[in-house]
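A structural walkthrough
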Amino acid sequence: MAAVLSAPSPLTATLPEDVVLRAEDLHTHFIVGERAAKSVDGVTLTVRRGETLAVVGESGSGKSVTSLSIMRLLAHPGRIVRGKILYRMRDGTVVDLATLPEKRMRAIRGKEIAMIFQEPMTSLNPLYTVGDQIMEMIRLHEPVSRHEARQRARQMLELVEIPAAEKRLDQYPHEMSGGMRQRVMIALALSCNPALLIADEPTTALDVTIQAQILDLMRRLQRDIGMSILFITHNLGVVAEIAHEVAVMYAGRVVEQAPVEALFARPRHPYTKGLLACIPNPERDRAADGARLMLNPIPGNVPSVLNLPPGCTYAPRCPLVEPRCEGEAPGLVPAGPGHLSRCFRHELL
Amino acid sequence: MNHSPSPQGGDVLLSVRNLSKRFHTASGPVKAVEDVSFDVGRGRIVGIVGESGSGKTTAGRCILRLVEPSEGEAVFDGVDLFKLPEKALRAYRRRMQIIFQDPYSSLNPRMRVGDIIGEAIDTHGLAKGAARQARIADLLARVGLSPEHARRYPHEFSGGQRQRIGIARALAVEPELIVADEPVSALDVSVQAQVLNLIQELQKELGLTMLFISHDLTVVEYLCDDIVVLYLGRIMEQGPSREVYANPRHPYTKALLSTAPIPDPTVRRERVILQGDIPSPLDPPSGCVFRTRCPFAIEACAKAVPPRESVSPSHSVACIRQAELATLATQKVTA
């Protein structure tokens, strides 16, 4: 795996057959005057075909900017300054999204890669009916009649288990509940049958009983359609439920990537370990007499992307820190089968 | 109906009885909170959990009379807060404080932190001059900030630090009861753990009583001694949290607990995924408000609001089928 990371070979050769998307040493900066906010500071991650990669991190970790970089939807002054985003198209050719001309990106968004957000109203237009919006999406990418597009739109609403789909087509987003809008957004995203779905905190604004419905729906859709999912979240509980593979981000970098079971069973980065220890756990946090034990928070705060520490960005908060960590940035190295860690001392974990 | 099991039979600081709040909107009356009764024992942390529209925030605000209740009583240390005239209420306001969810919008951006905390001290005339300054410094230290922070403005702090400032402000008047409305929901996990530890330390040191309003079932299980489960303004189940989590008796509580994501991919639970959405509080279902989403609903559930049934001295459930469902569950296990 490490050899693949650095191999400067032709694009097609760098992407194994089962990989849909691979970001390599991606850097996205927001440049204001003399200063650069290094929101994404060397991200490497892999999404395999038909699987869900969860990207987990706290605020400021760069997880959303990574997804916007992949979609090339960065707002000014954000810019990809270095790295590759290799994507395997459905016809098998591999393109680098980081440098693809905007005109070709337009054919990719929606048709090859679709995106859903935390707040459905960021993608739904309040002035058009749900049906019109899905039909517009379909007709943008495919030469079908209005009638045919409407049939397809209805099928999409049925696919996401919206009851009375025919009636719902003529409703406006405000006439629907939050969970229903989230379903419409998923229907809209899937209407051109994308190979990769990027979901940015899609259940964060929802109540737990509705969140369970949406996660269930996404699992079922993945099984039926075989799409790959890049799922961005801050919730490790959701990660455990939906992911095959997990990438943990901290201060603009992926600090660990591993299959989900391996990551939770034995995290190989001190940040991941610290994050898991922060979540209350009834078995761990009670003494034998039932008394509550204190939690083990990670000390300090996430560093500012305007002023990242040299060396390992986690060093100032890390219990395993040694002098070397403060001067030199560790690379993402193998730490077990399919397990990568960006820590010099991962063997101690 | 009026009898509420008191927690551990101990000293009750706050006793809420038949609390109802109706809001009159253009589309008609909304029953935000309906016939809610529970006790809060002195020194205990009581969690109020529920999804959006459950009325948890409204209930908390009614108790502090930040929102005027429509009906019921809230007996605090022997006095019904709902009957107190505004002037007499003032003395009680000092004994009860609130911490808000959003540490960004609950602090005045134009005031220095020292003045934000000092304002609470001044309002109740608790200290002046040097004593006031010393008190502010002490409060900041207590919540893990430094006295120099008094000179800074809210925008200079992170979310976690702002929540600490909000806590210091609440503590400034030495309250006995704190209503904490989703105090850690807006914080990142690592910061959330810091604030949860702080809340516990303060609670122990100062002997505080707390009403902890939250949608996060993991946090409530960890922090709260007792739990009240709300759905569409009504109590579905209440009791000591260890008992309710170990043995939920209401179908809603069961569904809620089974769908809360657990950070462990090896856990395979029998998940109860509820169908449909939470009904509009403008037009709640008749009888049991949960029946439209309940997998066990029968005709009788639509006829009358289910009375509260005790399943243990301090654990009660509002479900007419709870005894029957418990037997079914036991049979399934033994079979």
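Residues numbered from 1 in each chain as written. Chains lettered and ligands numbered in written order. Predicted model: local features only at pLDDT ≥ 70, side-chain atom pairs only at ≥ 80, totals over all residues. Heavy atoms only, no water.

Describing the overall build of chain B
Put simply, the rule reads: For the purposes of this entry, the term helix denotes a DSSP run of H or I that reaches at least four residues, the term strand denotes a run of E that reaches at least two, and both are numbered from the N terminus. As defined in this context, the radius of gyration uses C-alpha atoms, and a globule is described by 2.2 Å times the residue total to the power 0.38. A 1.4 Å probe rolled over the protein chains alone gives each residue an accessible area, and that area as a share of the maximum for its type sets the label: buried under 20%, exposed over 50%, partly exposed in between. By definition, residues are in contact when any of their heavy atoms lie within 4.5 Å. Calculation of accessible area relied on Shrake-Rupley with a 1.4 Å probe; when residues are assessed, cover is drawn exclusively from the protein chains displayed. Positive charge is attributed to Lys and Arg, negative charge to Asp and Glu, and no charge count is given to His or to the chain ends. The atoms used to mark charge sites are NZ of Lys, CZ of Arg, CG of Asp and CD of Glu.
Broken down by element type, chain B carries ten helices and twelve strands. Taking 335 residues into account, the globule formula puts the C-alpha radius of gyration at 20 Å, and chain B, at 21 Å, falls close to it. Considering only C-alpha atoms, chain B reaches an extent of 70 × 50 × 45 Å along its principal axes. Put simply, chain B has 335 residues, and 54% of those count as buried. Residue pairs at least 24 apart in sequence account for 64% of intrachain contacts in chain B once pairs closer than 6 positions are excluded. With an accessible surface of roughly 14,300 Å², chain B has 51% of that area assigned to carbon and sulfur atoms. In chain B, the 40 positive side-chain charges and the 38 negative ones have mean positions that sit 2 Å from each other.

A word on the UniProt feature "domain: ABC transporter" (unreviewed entry) in chain A
Convention followed: UniProt positions are given in the numbering used here, feature names are shortened, and annotations may be inferred rather than shown by experiment.
The UniProt entry lists residues 21-276 of chain A under the feature "domain: ABC transporter" (unreviewed entry), expressed in the numbering used here. Taken end to end, residues 21-276 of chain A has its terminal C-alpha atoms 27 Å apart, with 38% of it in helix and 29% in strand.

Some points on the packing of helix 3 (residues 113-123) of chain B against helix 4 (residues 129-142) of chain B
All names here are of chain B. Filter applied, for reference: In this analysis an axis means a line fitted to C-alpha atoms, helices contributing only their contacting stretch, and an angle means the value between N-to-C directions, from 0 to 180 degrees. The handedness criterion is simple: a crossing whose near helix is rotated anticlockwise from the far helix by less than a right angle is left-handed, and one whose near helix is rotated clockwise is right-handed. Here the term charged refers only to Asp, Glu, Lys and Arg, the term nonpolar to Ala, Val, Leu, Ile, Met, Phe, Trp, Tyr, Cys and Pro, and the term polar to all other amino acids, Gly among them.
Remark: helix 3 packs on helix 4, axes separated minimally by 10 Å, with the N-to-C direction vectors making an angle of 115°. Note that helix 3 runs across helix 4; the crossing there is right-handed. For the pair formed by helix 3 and helix 4, the contact residues are Val 113, Gly 114, Asp 115, Ile 117, Gly 118, Glu 119, Ile 121 and Asp 122 on the first element and Arg 132, Arg 135, Ile 136, Leu 139 and Leu 140 on the second. Taken together, the residues of the contact of helix 3 with helix 4 break down into six nonpolar, two polar and five charged.

As for the sheet that holds strand 1 (residues 12-25) of chain B
Hydrogen bonding along the main chain pairs the strands of a sheet, whether they run parallel or antiparallel. Residue and element names in this part refer to chain B. Put simply, the rule is: Pairing between strands is defined by DSSP: at least two bridges between them are needed.
One open sheet accounts for four strands, arranged 2-1-4-5; its pairing is antiparallel. The open sheet has two edge strands with one neighbour each: strand 2 (28-41) and strand 5 (79-80). By the bridge criterion, ten bridges tie strand 1 to strand 2 in an arrangement that is antiparallel. Each bridged residue has a counterpart across the sheet, and for Ser 15 the counterpart in strand 2 is Asp 39. With respect to the sheet, helix 1 (residues 56-63) is in contact with strand 1 and strand 2, its orientation differing from that of strand 1 by roughly 115°.

A look at the interface of chain A and chain B
Keep this limit in mind: Defined here as a combined quantity, buried area equals the accessible surface (1.4 Å probe) lost by two parts on assembly, summed across both. By definition here, a salt bridge exists when the distance from a side-chain nitrogen of Lys or Arg to a carboxyl oxygen of Asp or Glu is within 4 Å. Polar contacts, as used here, are pairs of N or O atoms within 3.5 Å; protein pairs need one atom able to donate a hydrogen and one able to accept it. Residues neighboring in sequence count only if both atoms are side-chain atoms.
At the junction of the two partners, chain A supplies 40 residues and chain B supplies 42 residues. For the pair chain A and chain B, the two sides together bury roughly 3,500 Å², of which 56% comes from carbon and sulfur. It is Thr 209, Arg 292 and Met 294 of chain A in chain A that bury the most area against chain B; as a group they hold 20% of the surface buried on that side. Where chain A touches chain B, the interface holds three salt bridges. Taken together, the links from chain A to chain B amount to 19 residue pairs in polar contact (both at pLDDT 80 or more). For the side of chain A that touches chain B, the secondary structure elements donating two or more residues are helix 9 (208-225), helix 10 (236-242), helix 11 (260-265) and helix 12 (270-278) of chain A.

With respect to the sheet that holds strand 11 (residues 333-334) of chain A
Residue and element names in this part refer to chain A. Reading across from one edge, 6-7-8-3-9-10-12-11 is the order of the eight strands in this open sheet, with mixed pairing throughout. Bordering the open sheet on either side are strand 6 (113-116) and strand 11, each of which pairs with just one other strand. One ladder, built from two bridges, connects strand 11 with strand 12 (residues 340-341); its direction is antiparallel. When the bridges of strand 12 are listed, Pro 334 appears paired with Leu 340. Helix 3 (residues 63-71) rests against strand 3 (52-56), strand 6, strand 7 (196-200), strand 8 (228-233) and strand 9 (245-250) of the sheet, and its axis sits at about 145° to strand 6. Along the sheet, helix 9 contacts strand 3, strand 6, strand 7 and strand 8; its crossing angle with strand 8, the most-contacted strand, is approximately 160°.

Some thoughts on the nonpolar core
Soluble globular proteins tend to bury their nonpolar side chains together. What counts, and what does not: We define a nonpolar core as any set of buried Ala, Val, Leu, Ile, Met, Phe, Trp, Tyr and Cys residues linked to one another through side-chain atoms lying within 4.5 Å.
Ile 167 and Phe 212 of chain B are the most contacted members of the largest nonpolar core, which has 93 residues in total. Looking at which element gives the most residues to this core, the answer is helix 6 (residues 189-206) of chain B, with eight residues. Apart from residues lying up to four places away in sequence, Phe 212 of chain B is in contact with Ile 45, Val 46, Gly 47, Ile 48, Ala 180, Pro 183, Leu 196, Ile 199, Val 219, Val 220, Leu 223 and Cys 224 of chain B. Ranked by size, the runner-up nonpolar core spans 41 residues in total, among them Val 144, Met 180, Leu 190 and Val 238 of chain A.

Topic: the state of the cysteines
Short version of the rule: In what follows, a disulfide is any cysteine sulfur pair within 2.5 Å.
Under the definition given, this model contains zero disulfides over all chains. Lacking any disulfide linkage, Cys 288 of chain B is separated from the closest cysteine sulfur, that of Cys 301 of chain B, by 6.1 Å.

Observations concerning the side chain of Glu 182 of chain B
All names here are of chain B. Examined against the element boundaries, Glu 182 turns out to sit in the loop between strand 7 (177-181) and helix 6. Buried and without a salt bridge, Glu 182 has Lys 56 as its closest oppositely charged side chain, separated by 4.0 Å. Among the polar contacts made by the side chain of Glu 182, one reaches the side chain of His 215 at a distance of 2.9 Å. Once residues within four sequence positions are removed from consideration, Glu 182 is found in contact with Lys 56, Gln 101, Ile 213, Ser 214 and His 215.

Some words on the packing of aromatic side chains
Operational definition: When two rings of Phe, Tyr or Trp (its six-membered ring) have centres within 6.5 Å they constitute a pair, described as stacked for plane angles under 30 degrees, edge-to-face for angles over 60, and tilted for the intermediate range.
Counted by the stated rule, this structure contains seven aromatic pairs over all chains. For the ring pair Tyr 250 of chain A and Tyr 314 of chain A, a centre distance of 5.1 Å and an interplane angle of 85° mean the geometry is edge-to-face. Of this pair, Tyr 250 of chain A sits in strand 9 while Tyr 314 of chain A is found in the loop between helix 12 and helix 13 (323-327), placing the two residues 64 residues apart along the sequence. Of the two residues, Tyr 250 of chain A and Tyr 314 of chain A, both sit in the buried class. Plain terms: the ring middles of Tyr 231 of chain B and Tyr 252 of chain B are 4.6 Å apart, the flat faces sit at 55° to each other, and that makes the pair tilted.

Brief notes about unusual backbone geometry
Of note, the bond from His 76 of chain A into Pro 77 of chain A is cis; its omega dihedral lies within 30 degrees of zero at 5°. The topology assignment puts Pro 77 of chain A in the loop between helix 3 and strand 4 (78-88). Positioned with a positive phi, Asn 193 of chain A is a non-glycine residue whose angle comes to about 55°. A relative accessible area of 45% means that Asn 193 of chain A is categorised as partly exposed. In this structure, Leu 232 of chain B is a non-glycine residue whose phi angle is positive, near 45°. Judged by its relative accessible area of 5%, Leu 232 of chain B falls in the buried class.

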